[in-house]
Amino acid sequence: MSDIISTGQQVFMENYKQLPLVLEKGEGNYVYDIDGNKYLDFVAGIATNALGYSYEPLKTAIKEQVDQLTHCSNLYYNKPSVEAAALLVKLSGLDKVFFCNSGAEANEAALKLAKRYTNVFVDEKKTKIVSMKNSFHGRTIATVSATGQTKYHEGFSPLFDGVSYTEFNNIDALETMIDEETAILMIEPVQGEGGIRPAEKEFLQKAREICDQKQVVLIFDEVQCGIGRTGKSFAYENFGIKPDIVSLAKGLGAGFAVGAIIASEKVSQGFVPGTHASTFGGNPIATTAAKVILEALDTGDLLAHVNHVSEHLKAGLEQLSSKYESIIDVRGLGLMMAIEMSEPVAPIVMAAMDKGLLLINSGTHVIRFVPPLTIEIEEIDAMLSILDSLLANK
(Lines give C-alpha, C1' and ligand atoms only; values in the text may rest on other atoms or scores of the structure.)
Protein backbone atom coordinates (compact mmCIF):
# COMPACT_ATOMS: atom_id res chain seq x y z
CA MET A 1 0.00 0.00 0.00
CA SER A 2 1.21 3.50 -0.82
CA ASP A 3 2.52 5.53 2.11
CA ILE A 4 0.16 8.31 1.00
CA ILE A 5 -2.87 6.02 1.27
CA SER A 6 -1.71 4.62 4.59
CA THR A 7 -1.18 8.07 6.06
CA GLY A 8 -4.47 9.30 4.63
CA GLN A 9 -6.31 6.46 6.33
CA GLN A 10 -4.76 7.52 9.63
CA VAL A 11 -5.37 11.27 9.42
CA PHE A 12 -8.63 11.69 7.49
CA MET A 13 -12.08 11.29 8.98
CA GLU A 14 -13.81 8.28 7.50
CA ASN A 15 -16.56 10.07 5.58
CA TYR A 16 -15.30 9.06 2.11
CA LYS A 17 -15.00 5.62 0.60
CA GLN A 18 -11.79 6.49 -1.15
CA LEU A 19 -10.47 4.17 -3.83
CA PRO A 20 -6.87 2.88 -3.54
CA LEU A 21 -5.54 5.45 -5.98
CA VAL A 22 -3.30 8.49 -5.47
CA LEU A 23 -3.60 10.96 -8.34
CA GLU A 24 -0.65 13.23 -9.00
CA LYS A 25 -1.16 15.13 -12.26
CA GLY A 26 -3.41 15.52 -15.29
CA GLU A 27 -3.02 16.25 -18.97
CA GLY A 28 -5.89 16.78 -21.37
CA ASN A 29 -8.64 14.34 -20.38
CA TYR A 30 -6.30 11.94 -18.59
CA VAL A 31 -4.93 11.77 -15.05
CA TYR A 32 -1.83 9.99 -13.74
CA ASP A 33 -1.19 8.33 -10.40
CA ILE A 34 2.02 8.58 -8.38
CA ASP A 35 3.34 5.45 -10.10
CA GLY A 36 2.89 6.98 -13.55
CA ASN A 37 -0.17 4.94 -14.52
CA LYS A 38 -2.53 6.73 -16.93
CA TYR A 39 -6.33 6.90 -16.59
CA LEU A 40 -8.97 8.17 -18.98
CA ASP A 41 -11.15 10.37 -16.79
CA PHE A 42 -14.92 10.10 -17.09
CA VAL A 43 -15.41 11.45 -13.58
CA ALA A 44 -13.79 14.90 -13.94
CA GLY A 45 -13.83 15.53 -10.21
CA ILE A 46 -17.57 14.72 -10.34
CA ALA A 47 -18.45 17.06 -13.23
CA THR A 48 -16.01 19.68 -11.93
CA ASN A 49 -12.85 19.66 -14.09
CA ALA A 50 -14.86 20.94 -17.01
CA LEU A 51 -11.83 21.93 -19.09
CA GLY A 52 -9.85 18.80 -18.37
CA TYR A 53 -6.29 19.18 -17.12
CA SER A 54 -3.44 21.57 -17.97
CA TYR A 55 -5.79 23.61 -20.16
CA GLU A 56 -3.45 26.34 -21.40
CA PRO A 57 -5.78 29.39 -21.24
CA LEU A 58 -6.71 28.43 -17.68
CA LYS A 59 -3.10 27.85 -16.61
CA THR A 60 -1.98 31.14 -18.12
CA ALA A 61 -4.78 33.17 -16.55
CA ILE A 62 -4.28 31.66 -13.09
CA LYS A 63 -0.51 32.17 -13.17
CA GLU A 64 -0.93 35.80 -14.17
CA GLN A 65 -3.50 36.42 -11.44
CA VAL A 66 -1.34 34.77 -8.75
CA ASP A 67 1.33 37.34 -9.56
CA GLN A 68 -1.16 40.17 -9.06
CA LEU A 69 -3.65 39.44 -6.26
CA THR A 70 -4.64 36.19 -4.55
CA HIS A 71 -7.33 37.51 -2.19
CA CYS A 72 -9.08 40.64 -1.10
CA SER A 73 -12.07 41.24 1.12
CA ASN A 74 -15.53 41.91 -0.29
CA LEU A 75 -15.12 45.34 1.26
CA TYR A 76 -13.53 46.11 -2.11
CA TYR A 77 -14.09 45.21 -5.75
CA ASN A 78 -11.70 43.06 -7.72
CA LYS A 79 -11.59 42.87 -11.50
CA PRO A 80 -11.89 39.07 -12.05
CA SER A 81 -15.02 38.76 -9.90
CA VAL A 82 -16.74 41.70 -11.60
CA GLU A 83 -15.91 40.36 -15.05
CA ALA A 84 -17.03 36.82 -14.17
CA ALA A 85 -20.28 38.13 -12.69
CA ALA A 86 -20.94 40.21 -15.80
CA LEU A 87 -20.52 37.09 -17.95
CA LEU A 88 -22.92 35.12 -15.72
CA VAL A 89 -25.52 37.86 -16.11
CA LYS A 90 -24.99 38.00 -19.87
CA LEU A 91 -25.26 34.23 -20.35
CA SER A 92 -28.10 33.61 -17.92
CA GLY A 93 -30.55 36.41 -18.64
CA LEU A 94 -30.78 36.96 -14.88
CA ASP A 95 -29.62 40.09 -13.10
CA LYS A 96 -27.54 39.81 -9.93
CA VAL A 97 -24.72 37.50 -8.75
CA PHE A 98 -23.43 36.34 -5.38
CA PHE A 99 -20.18 34.35 -5.24
CA CYS A 100 -19.31 31.72 -2.65
CA ASN A 101 -17.09 28.62 -2.56
CA SER A 102 -19.14 25.46 -3.16
CA GLY A 103 -22.42 23.94 -4.24
CA ALA A 104 -23.74 23.54 -0.73
CA GLU A 105 -22.92 27.20 -0.02
CA ALA A 106 -24.64 28.23 -3.25
CA ASN A 107 -27.80 26.36 -2.32
CA GLU A 108 -27.63 27.71 1.23
CA ALA A 109 -27.42 31.23 -0.20
CA ALA A 110 -30.28 30.52 -2.59
CA LEU A 111 -32.51 29.35 0.26
CA LYS A 112 -31.60 32.32 2.45
CA LEU A 113 -32.22 34.79 -0.37
CA ALA A 114 -35.57 33.22 -1.25
CA LYS A 115 -36.69 33.09 2.38
CA ARG A 116 -35.75 36.68 3.12
CA TYR A 117 -37.23 38.01 -0.12
CA THR A 118 -40.51 36.25 0.65
CA ASN A 119 -40.52 37.34 4.28
CA VAL A 120 -39.83 41.00 3.53
CA PHE A 121 -41.56 41.57 0.17
CA VAL A 122 -44.31 38.96 -0.17
CA ASP A 123 -45.82 37.45 3.01
CA GLU A 124 -44.04 36.43 6.20
CA LYS A 125 -46.59 33.61 6.66
CA LYS A 126 -45.25 31.89 3.54
CA THR A 127 -42.52 29.70 5.04
CA LYS A 128 -42.71 26.23 3.46
CA ILE A 129 -40.07 24.74 1.16
CA VAL A 130 -40.91 22.10 -1.43
CA SER A 131 -38.21 20.02 -3.11
CA MET A 132 -38.17 16.79 -5.08
CA LYS A 133 -37.95 13.21 -3.90
CA ASN A 134 -34.63 11.72 -4.99
CA SER A 135 -33.01 15.17 -5.01
CA PHE A 136 -29.65 16.21 -3.62
CA HIS A 137 -28.82 19.78 -2.61
CA GLY A 138 -25.75 19.63 -0.37
CA ARG A 139 -24.24 18.64 2.96
CA THR A 140 -25.12 21.54 5.28
CA ILE A 141 -28.05 21.03 7.64
CA ALA A 142 -30.28 23.30 5.54
CA THR A 143 -29.36 21.70 2.23
CA VAL A 144 -29.56 18.18 3.66
CA SER A 145 -33.04 19.10 4.90
CA ALA A 146 -33.95 20.13 1.35
CA THR A 147 -32.55 16.87 -0.03
CA GLY A 148 -35.25 14.32 -0.79
CA GLN A 149 -33.27 11.17 0.04
CA THR A 150 -33.57 9.68 3.52
CA LYS A 151 -30.10 8.10 3.40
CA TYR A 152 -28.60 11.60 3.65
CA HIS A 153 -30.82 12.44 6.66
CA GLU A 154 -29.73 9.56 8.86
CA GLY A 155 -28.17 10.68 12.13
CA PHE A 156 -28.92 14.38 11.66
CA SER A 157 -32.39 14.70 13.16
CA PRO A 158 -34.08 16.95 13.80
CA LEU A 159 -33.83 18.47 10.35
CA PHE A 160 -35.25 21.88 9.52
CA ASP A 161 -39.03 22.11 9.76
CA GLY A 162 -41.22 23.10 6.86
CA VAL A 163 -39.61 21.05 4.07
CA SER A 164 -41.77 18.69 2.00
CA TYR A 165 -40.84 16.43 -0.91
CA THR A 166 -42.94 15.75 -3.96
CA GLU A 167 -42.59 13.38 -6.91
CA PHE A 168 -40.17 14.50 -9.61
CA ASN A 169 -41.90 14.93 -13.00
CA ASN A 170 -45.36 14.49 -11.44
CA ILE A 171 -47.44 17.58 -12.21
CA ASP A 172 -50.50 16.47 -10.23
CA ALA A 173 -48.42 15.85 -7.11
CA LEU A 174 -46.72 19.23 -7.53
CA GLU A 175 -50.01 21.08 -7.80
CA THR A 176 -51.26 19.32 -4.68
CA MET A 177 -48.12 20.03 -2.65
CA ILE A 178 -47.74 23.77 -3.34
CA ASP A 179 -50.18 25.85 -1.32
CA GLU A 180 -50.58 29.41 -0.10
CA GLU A 181 -47.97 28.86 2.64
CA THR A 182 -45.27 27.70 0.21
CA ALA A 183 -42.36 30.12 -0.16
CA ILE A 184 -39.82 28.11 -2.19
CA LEU A 185 -39.79 25.40 -4.84
CA MET A 186 -36.34 23.85 -5.40
CA ILE A 187 -35.62 21.60 -8.39
CA GLU A 188 -32.59 20.11 -10.15
CA PRO A 189 -33.31 20.28 -13.91
CA VAL A 190 -31.26 17.09 -14.10
CA GLN A 191 -31.05 15.13 -10.85
CA GLY A 192 -27.40 14.26 -10.27
CA GLU A 193 -26.93 12.13 -7.16
CA GLY A 194 -30.45 10.84 -7.74
CA GLY A 195 -29.42 8.81 -10.78
CA ILE A 196 -28.97 11.33 -13.64
CA ARG A 197 -32.66 11.92 -14.27
CA PRO A 198 -33.66 14.86 -16.51
CA ALA A 199 -36.82 16.80 -15.78
CA GLU A 200 -39.61 16.72 -18.30
CA LYS A 201 -40.18 19.99 -20.11
CA GLU A 202 -43.89 20.07 -19.25
CA PHE A 203 -43.10 19.55 -15.57
CA LEU A 204 -40.70 22.49 -15.34
CA GLN A 205 -42.98 24.72 -17.36
CA LYS A 206 -45.88 23.91 -15.05
CA ALA A 207 -43.64 24.55 -12.05
CA ARG A 208 -42.85 28.01 -13.41
CA GLU A 209 -46.55 28.68 -13.98
CA ILE A 210 -47.54 27.60 -10.46
CA CYS A 211 -44.76 29.65 -8.88
CA ASP A 212 -45.87 32.74 -10.77
CA GLN A 213 -49.49 32.21 -9.71
CA LYS A 214 -48.75 31.60 -6.03
CA GLN A 215 -45.78 33.94 -5.52
CA VAL A 216 -43.35 31.11 -4.88
CA VAL A 217 -39.62 31.57 -5.51
CA LEU A 218 -38.40 29.00 -8.04
CA ILE A 219 -34.81 27.82 -7.44
CA PHE A 220 -33.00 25.65 -9.95
CA ASP A 221 -30.07 23.76 -8.48
CA GLU A 222 -27.58 23.52 -11.36
CA VAL A 223 -24.54 22.76 -9.22
CA GLN A 224 -23.88 19.61 -11.26
CA CYS A 225 -25.90 20.14 -14.45
CA GLY A 226 -24.98 23.77 -15.17
CA ILE A 227 -22.05 25.46 -16.95
CA GLY A 228 -22.29 23.73 -20.34
CA ARG A 229 -22.78 20.21 -18.99
CA THR A 230 -26.08 19.70 -20.85
CA GLY A 231 -25.03 21.44 -24.07
CA LYS A 232 -26.39 24.81 -22.96
CA SER A 233 -24.72 27.34 -20.70
CA PHE A 234 -27.45 26.57 -18.16
CA ALA A 235 -29.59 23.44 -18.05
CA TYR A 236 -32.82 25.45 -17.78
CA GLU A 237 -32.26 26.73 -21.32
CA ASN A 238 -33.19 23.25 -22.55
CA PHE A 239 -36.69 23.71 -21.13
CA GLY A 240 -37.68 27.16 -22.35
CA ILE A 241 -38.09 28.73 -18.91
CA LYS A 242 -36.05 30.70 -16.40
CA PRO A 243 -35.89 30.32 -12.61
CA ASP A 244 -35.86 33.15 -10.08
CA ILE A 245 -32.55 31.87 -8.69
CA VAL A 246 -30.03 29.42 -10.13
CA SER A 247 -27.25 27.90 -8.04
CA LEU A 248 -23.89 26.93 -9.54
CA ALA A 249 -20.56 25.40 -8.54
CA LYS A 250 -18.54 22.37 -9.76
CA GLY A 251 -17.78 23.21 -13.42
CA LEU A 252 -17.95 26.95 -12.75
CA GLY A 253 -14.35 26.94 -11.50
CA ALA A 254 -13.06 24.22 -13.83
CA GLY A 255 -11.37 22.67 -10.79
CA PHE A 256 -11.07 25.72 -8.55
CA ALA A 257 -13.40 26.13 -5.58
CA VAL A 258 -16.13 28.59 -6.54
CA GLY A 259 -19.90 28.66 -6.28
CA ALA A 260 -22.49 31.26 -7.18
CA ILE A 261 -26.12 32.13 -7.32
CA ILE A 262 -27.68 34.32 -9.98
CA ALA A 263 -31.08 35.87 -9.30
CA SER A 264 -33.67 38.08 -10.88
CA GLU A 265 -33.62 41.76 -10.01
CA LYS A 266 -36.84 41.35 -8.02
CA VAL A 267 -35.76 38.44 -5.84
CA SER A 268 -32.23 39.78 -5.34
CA GLN A 269 -33.77 42.56 -3.23
CA GLY A 270 -33.82 39.98 -0.45
CA PHE A 271 -30.12 40.56 0.21
CA VAL A 272 -28.98 43.87 1.66
CA PRO A 273 -25.74 44.61 3.52
CA GLY A 274 -25.40 42.34 6.54
CA THR A 275 -27.85 39.63 5.44
CA HIS A 276 -25.36 37.22 3.86
CA ALA A 277 -21.64 37.05 3.11
CA SER A 278 -18.71 34.80 2.26
CA THR A 279 -15.12 35.66 3.15
CA PHE A 280 -13.66 33.86 0.14
CA GLY A 281 -16.62 34.44 -2.18
CA GLY A 282 -15.48 36.28 -5.29
CA ASN A 283 -11.85 35.35 -4.63
CA PRO A 284 -9.83 36.67 -7.59
CA ILE A 285 -8.11 33.32 -8.26
CA ALA A 286 -11.38 31.38 -8.29
CA THR A 287 -13.23 33.96 -10.37
CA THR A 288 -10.33 34.13 -12.82
CA ALA A 289 -10.92 30.41 -13.38
CA ALA A 290 -14.65 31.01 -13.71
CA LYS A 291 -14.03 33.75 -16.25
CA VAL A 292 -12.03 31.38 -18.47
CA ILE A 293 -14.80 28.82 -18.76
CA LEU A 294 -17.51 31.46 -19.05
CA GLU A 295 -15.63 33.07 -21.93
CA ALA A 296 -15.45 29.64 -23.59
CA LEU A 297 -19.21 29.28 -23.20
CA ASP A 298 -19.77 32.80 -24.46
CA THR A 299 -18.00 32.15 -27.77
CA GLY A 300 -20.17 29.08 -28.36
CA ASP A 301 -17.23 26.88 -29.37
CA LEU A 302 -17.29 24.79 -26.20
CA LEU A 303 -21.05 24.29 -26.36
CA ALA A 304 -20.85 23.21 -30.00
CA HIS A 305 -18.24 20.65 -29.02
CA VAL A 306 -20.34 19.35 -26.11
CA ASN A 307 -23.38 18.92 -28.32
CA HIS A 308 -21.35 17.12 -30.99
CA VAL A 309 -19.57 14.63 -28.74
CA SER A 310 -22.54 14.03 -26.43
CA GLU A 311 -24.57 12.64 -29.32
CA HIS A 312 -21.78 10.16 -29.94
CA LEU A 313 -21.69 9.19 -26.26
CA LYS A 314 -25.44 8.67 -26.13
CA ALA A 315 -25.45 6.57 -29.30
CA GLY A 316 -22.60 4.44 -27.97
CA LEU A 317 -24.34 3.80 -24.66
CA GLU A 318 -27.56 2.92 -26.45
CA GLN A 319 -25.65 0.46 -28.61
CA LEU A 320 -24.29 -1.21 -25.48
CA SER A 321 -27.79 -1.28 -24.03
CA SER A 322 -29.07 -3.17 -27.06
CA LYS A 323 -26.23 -5.66 -26.63
CA TYR A 324 -26.48 -6.31 -22.86
CA GLU A 325 -29.72 -7.09 -21.03
CA SER A 326 -28.13 -5.97 -17.76
CA ILE A 327 -28.42 -2.35 -18.96
CA ILE A 328 -32.04 -1.44 -18.27
CA ASP A 329 -31.95 2.28 -19.10
CA VAL A 330 -29.84 4.92 -20.82
CA ARG A 331 -30.65 8.51 -19.87
CA GLY A 332 -29.28 11.98 -19.36
CA LEU A 333 -28.63 15.20 -21.18
CA GLY A 334 -25.47 16.39 -22.94
CA LEU A 335 -22.34 15.18 -21.17
CA MET A 336 -24.34 14.17 -18.11
CA MET A 337 -25.32 10.64 -19.10
CA ALA A 338 -25.97 7.39 -17.25
CA ILE A 339 -26.74 3.74 -17.63
CA GLU A 340 -28.91 2.00 -15.07
CA MET A 341 -28.15 -1.65 -14.54
CA SER A 342 -30.01 -4.61 -13.08
CA GLU A 343 -27.15 -5.23 -10.64
CA PRO A 344 -24.77 -3.17 -8.47
CA VAL A 345 -22.20 -1.26 -10.51
CA ALA A 346 -19.37 -1.01 -7.96
CA PRO A 347 -17.52 -4.06 -9.39
CA ILE A 348 -17.57 -2.49 -12.86
CA VAL A 349 -16.22 0.82 -11.53
CA MET A 350 -13.36 -1.01 -9.80
CA ALA A 351 -12.58 -3.20 -12.82
CA ALA A 352 -12.57 -0.15 -15.10
CA MET A 353 -9.95 1.51 -12.90
CA ASP A 354 -7.73 -1.54 -13.34
CA LYS A 355 -8.03 -1.01 -17.12
CA GLY A 356 -7.11 2.68 -16.98
CA LEU A 357 -10.62 4.15 -16.96
CA LEU A 358 -12.18 6.21 -14.17
CA LEU A 359 -15.96 5.88 -13.79
CA ILE A 360 -18.34 6.87 -11.01
CA ASN A 361 -21.67 5.58 -9.79
CA SER A 362 -24.82 7.53 -8.95
CA GLY A 363 -26.51 5.25 -6.49
CA THR A 364 -25.93 1.50 -6.35
CA HIS A 365 -27.20 0.58 -9.83
CA VAL A 366 -26.24 3.56 -11.99
CA ILE A 367 -22.98 4.47 -13.71
CA ARG A 368 -22.81 8.15 -14.63
CA PHE A 369 -20.62 9.63 -17.34
CA VAL A 370 -19.53 13.20 -16.60
CA PRO A 371 -16.18 13.63 -18.40
CA PRO A 372 -14.50 16.97 -19.02
CA LEU A 373 -16.43 19.04 -21.55
CA THR A 374 -13.29 18.83 -23.70
CA ILE A 375 -13.60 15.05 -24.16
CA GLU A 376 -12.98 13.87 -27.74
CA ILE A 377 -14.79 11.30 -29.91
CA GLU A 378 -11.84 8.90 -29.87
CA GLU A 379 -11.71 9.08 -26.07
CA ILE A 380 -15.41 8.30 -25.86
CA ASP A 381 -14.79 5.30 -28.13
CA ALA A 382 -11.94 4.16 -25.87
CA MET A 383 -14.25 4.34 -22.83
CA LEU A 384 -17.01 2.45 -24.65
CA SER A 385 -14.55 -0.25 -25.70
CA ILE A 386 -13.38 -0.81 -22.13
CA LEU A 387 -16.95 -0.81 -20.81
CA ASP A 388 -17.97 -3.27 -23.53
CA SER A 389 -15.17 -5.65 -22.52
CA LEU A 390 -16.13 -5.45 -18.86
CA LEU A 391 -19.79 -6.15 -19.54
CA ALA A 392 -18.88 -9.05 -21.81
CA ASN A 393 -16.78 -10.70 -19.10
CA LYS A 394 -19.15 -10.30 -16.17
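Everything discussed here concerns the structure shown above.
Overview of the structure. (Residues numbered from 1 in each chain as written. Predicted model: local features only at pLDDT ≥ 70, side-chain atom pairs only at ≥ 80, totals over all residues. Heavy atoms only, no water.)

1. A look at the pairing of strand β1 (residues 23–27)
In this sheet, strand β2 (residues 30–33) lies alongside β1 in antiparallel orientation, the contact comprising 4 bridges. Opposite glutamate 27, over in β2, you have tyrosine 30 as the bridge partner. Here β1 folds back onto β2 in antiparallel fashion, the turn holding 2 residues, of which glycine 28 has a positive phi close to 65 degrees. (Pairing = 2+ DSSP bridges. Helix = DSSP H or I, 4+ residues; strand = E, 2+ residues; numbered from the N terminus.)

2. Considering the pattern of salt bridges
Across all of its chains, the model carries 15 salt bridges by this definition. With a closest N to O distance of 3.2 Å, glutamate 167 and lysine 133 form a salt bridge. Within this pair, whereas glutamate 167 is found in the loop between β6 (163–166) and α7 (171–177), its partner lysine 133 is found in the loop between β5 (128–132) and α6 (141–145), the two being separated by 34 residues in sequence. Judged by its relative accessible area of 38%, lysine 133 falls in the partly exposed class. For lysine 206, the salt bridge identified is with glutamate 209, shortest N-O distance 3.1 Å. (Salt bridge = Lys/Arg side-chain N within 4 Å of Asp/Glu carboxyl O. Buried < 20%, exposed > 50% of the residue type's maximum accessible area, 1.4 Å probe, protein only.)

3. Concerning the packing of helix α10 (residues 284–299) against helix α11 (residues 301–323)
Orientation of α10 relative to α11, taken along the N-to-C sense of each, is 75 degrees, at an axis distance of 4 Å. With respect to α11, the axis of α10 lies roughly perpendicular. Here Ile293, Ala296, Leu297 and Thr299 of α10 lie close against α11, whose contacting residues are Asp301, Leu302 and Leu303. The residue inventory of the contact of α10 with α11, partitioned by class, reads 5 nonpolar, 1 polar and 1 charged. (Axes fitted to C-alpha atoms, helices over the stretch in contact; angles between N-to-C directions. Parallel < 35°, antiparallel > 145°, perpendicular 65-115°, else oblique. Contact = heavy atoms within 4.5 Å. Nonpolar A, V, L, I, M, F, W, Y, C, P; charged D, E, K, R; others polar.)

4. What about the sheet that holds β2?
If you trace the 4 strands from one edge of the open sheet to the other, you get β1-β2-β3-β15, paired in mixed fashion. In this open sheet, the two edge strands, each paired with only one partner strand, are β1 and β15 (357–358). Relative to strand β3 (residues 38–41), β2 is paired through 3 bridges, and the arrangement is antiparallel. Directly across from valine 31, in β3, lies its bridge partner tyrosine 39.

5. Comments concerning a nonpolar patch on the surface
Taken together, Ile141, Phe156 and Phe160 make up a surface patch of nonpolar side chains, about 300 Å² in accessible area. Of note, phenylalanine 160 is situated in the loop between α6 and β6. (Patch = residues over 30% accessible without salt bridge, like charges linked within 9 Å, V, L, I, M, F, W, Y side chains within 5 Å. Areas by Shrake-Rupley, 256 points an atom, 1.4 Å probe, with all protein chains shown as cover.)

6. Notes on the packing of aromatic side chains
Tallied over the entire structure, the rule returns 6 aromatic pairs. When the ring of tyrosine 117 is compared with that of phenylalanine 121, the centres are 5.7 Å apart and the planes differ by 25 degrees; the resulting orientation is stacked. Within this pair, tyrosine 117 and its partner phenylalanine 121 are both found in helix α5 (residues 103–122), separated by 4 residues, close to a single helical turn. Tyrosine 117 sits in the buried class, given a relative accessible area of 8%. Centroid distance phenylalanine 234 to tyrosine 236: 5.5 Å. Interplanar angle 15 degrees. Geometry classified as stacked. Judged by relative accessible area, which is 0%, phenylalanine 234 ranks as buried. Taking NZ or CZ as reference, lysine 25 lies 5.3 Å from the ring centre of tyrosine 32, over its face. Across the ring face of tyrosine 30, the terminal group of lysine 38 is positioned such that the distance to the ring centre comes to 4.3 Å. (Phe/Tyr/Trp six-rings, centres within 6.5 Å; stacked < 30°, edge-to-face > 60°. Lys NZ or Arg CZ within 6 Å of the ring centre and 35° of its normal.)

7. Examining the state of the cysteines
Per the stated rule, a full pass over the model turns up 0 disulfides. Summary of cysteine pairing: cysteine 211 is not part of a disulfide, and the nearest cysteine sulfur, belonging to cysteine 225, is at 17 Å. A residue is classified by how much of its surface remains accessible, and cysteine 211, at 1% relative accessible area, is buried. We note that cysteine 225 lacks a disulfide partner, and the nearest cysteine sulfur, in cysteine 100, lies 16 Å from it. (Disulfide = S-S within 2.5 Å.)

8. Quick look at the nonpolar core
Judged by nonpolar contacts, the single largest core of 82 residues is most densely connected at Leu185, Ile187, Leu294, Leu359, Phe369, Met383 and Leu387. Looking at this core element by element, the count peaks at 9 residues for α10. When sequence neighbours within four positions are dropped, the list of residues in contact with isoleucine 187 reads Met132, Phe168, Phe203, Leu204, Ala207, Leu218, Ile219, Phe220 and Asp221. The next biggest cluster of nonpolar side chains, apart from the first, holds 22 residues, and it includes Cys100, Ala106, Ile129 and Val217. (Core = buried A, V, L, I, M, F, W, Y, C linked by side-chain atoms within 4.5 Å.)

9. A closer look at the packing of helix α12 (residues 346–354) against helix α13 (residues 377–392)
Running from N to C, α12 and α13 cross one another at 125 degrees; their axes reach a closest spacing of 10 Å. On the basis of their axis angle, the class for α12 and α13 is oblique. Considering how the two elements wind past one another, α12 and α13 form a crossing that is right-handed. Between α12 and α13, the contacting residues are Ile348, Ala351 and Ala352 on the first element and Leu387, Leu390 and Leu391 on the second. Among the residues forming the contact of α12 with α13, the class breakdown is 6 nonpolar, no polar and no charged. (Left-handed = near helix turned anticlockwise from the far one by under 90°.)

10. Thoughts on the sheet that holds strand β14 (residues 336–341)
If you trace the 4 strands from one edge of the open sheet to the other, you get β13-β14-β17-β16, paired in antiparallel fashion. Every other strand in the sheet has two partners, leaving β13 (327–333) and β16 (360–361) as the edge strands with one partner each. With 4 bridges connecting them, β14 and strand β17 (residues 366–369) associate as antiparallel partners. Following the sheet pairing, methionine 337 is matched in β17 by phenylalanine 369.

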